[in-house]
Amino acid sequence: MSALREALRDLPDAVFADVLESEDEYLLVLDLPGVTADTIDVTVEGGRLRIDGQRTKDVPGEFTFVREDRSVFLDAELPLPPDTIGQGGEGTVENGVLELRLPKATAAPSTTIPIDGD
């Protein structure tokens, strides 16, 4: 988990991130103004969470940028916590806030095996 916290500190200053934990999952919340479900891709590979996002800009035709400080792209690669593999993860983005739910990897639940006898 500390590797994830360190990686979050390295995100661009315009990106705010929180990590929450329950018994069953992690919730990663990233503020990505201007990003929509159509302009973001999230993948998991090799124990790493990759987030590629692009902010859309609606600039009125009669205006041009004099100064532009907000990055248009986010290209981040974050280590997954050691007790999750990303499988079964879910994500939503609403009003530029990305929420990723990453289930913890757990052992298979116990089950009773029926035994037939004579």
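Residues numbered from 1 in each chain as written. Predicted model: local features only at pLDDT ≥ 70, side-chain atom pairs only at ≥ 80, totals over all residues. Heavy atoms only, no water.

For the protein, an unreviewed UniProt entry supplies the name Hsp20 family protein and the organism Haloarcula argentinensis. According to the UniProt record, the Sequence similarities (unreviewed entry) comment for the protein is "Belongs to the small heat shock protein (HSP20) family." (UniProt positions renumbered as here; feature names shortened; annotations may be inferred.)

Undergrad: A description of the overall build of the protein should follow, citing residues and the corresponding values.
TA: Each helix and strand counted, the protein has one helix and seven strands in total. For the protein, the α and β elements follow one another from N to C terminus as α-β-β-β-β-β-β-β. When each of the 118 residues of the protein is scored for burial, the buried share is 26%. For the protein, contacts bridging at least 24 residues in sequence account for 48% of all contacts bridging at least 6. Summing over all exposed atoms, the protein offers an accessible surface of approximately 8700 Å²; the carbon and sulfur share of this is 49%. (Helix = DSSP H or I, 4+ residues; strand = E, 2+ residues; numbered from the N terminus. Buried < 20%, exposed > 50% of the residue type's maximum accessible area, 1.4 Å probe, protein only. Contact = heavy atoms within 4.5 Å. Areas by Shrake-Rupley, 256 points an atom, 1.4 Å probe, with all protein chains shown as cover.)

Undergrad: So what about empty space enclosed by the protein? Which residues, and what values?
TA: Under the counting rule described, the total for this entry stands at one cavity of 30 Å³ or more. There is about 50 Å³ of room inside the largest cavity. Taken together, the residues of the lining of the largest cavity sort by class into nine nonpolar, no polar and no charged. (1 Å grid on protein atoms, 1.4 Å probe; cavity = no way out; pocket = protein on both sides within 12 Å on 5 of 7 lines; lining within 4 Å. Points joined across faces, edges and corners; volume = space filled by probe spheres on them. Nonpolar A, V, L, I, M, F, W, Y, C, P; charged D, E, K, R; others polar.)

Undergrad: Describe the sheet that holds strand S5 (residues 73-79), listing the residues and the values that go with them.
TA: Ordered by their spatial adjacency, three strands build an open sheet running S3-S4-S5, and the pairing between neighbours is antiparallel. The sheet terminates laterally at strand S3 (40-45) and S5, the two strands that pair on one side only. Geometrically, the sheet is characterised by an average inter-axis angle of 10° between neighbouring strands, direction not taken into account. Taken together, the seven bridges between strand S4 (residues 48-54) and S5 define a ladder with antiparallel strand orientation. Among the inter-strand pairings, Gln54 is bridged to a residue of S5, identified as Phe73. (Pairing = 2+ DSSP bridges. Axes fitted to C-alpha atoms, helices over the stretch in contact; angles between N-to-C directions.)

Undergrad: Residues and numbers for the pairing of strand S1 (residues 16-21), please.
TA: In the sheet, S1 pairs with strand S2 (residues 25-31) via six bridges, with the strands oriented antiparallel. Paired with Leu20 across the two strands is Leu27, which belongs to S2.

Undergrad: I'd like a rundown of the nonpolar core, residues and numbers included.
TA: Ranked by internal contacts, the top residues of the largest apolar core, which has 20 residues, are Leu11, Leu30, Leu32, Leu49, Ile51 and Leu78. Counting only elements with at least two residues in this core, the list comes to helix H1 (2-9), S2, S4, S5 and strand S7 (97-103). If we ignore the near neighbours within four places in the chain, the residues touching Ile51 are Leu30, Ile40, Asp41, Val42, Leu74, Asp75, Ala76, Leu78, Leu98 and Leu100. (Core = buried A, V, L, I, M, F, W, Y, C linked by side-chain atoms within 4.5 Å.)

Undergrad: Break down the confidence of the model for the protein for me, citing the residues and quoting the values.
TA: Chain-level pLDDT for the protein is 79 on average; 82% of the residues reach the 70-or-more range. In the model of the protein, H1 stands out as the element of lowest mean pLDDT, 75, in contrast to S2, which has the highest, 91. (pLDDT = per-residue confidence, 0-100.)

Undergrad: Go over the environment of Gly53, please, and point to the residues and values.
TA: Mapped onto the fold, Gly53 is located in strand S4. Assessed through its relative accessible area of 7%, Gly53 is described here as buried. Taking C-alpha positions, Gly53 is 6.5 Å from Val35, a pair spaced 18 residues apart along the chain.

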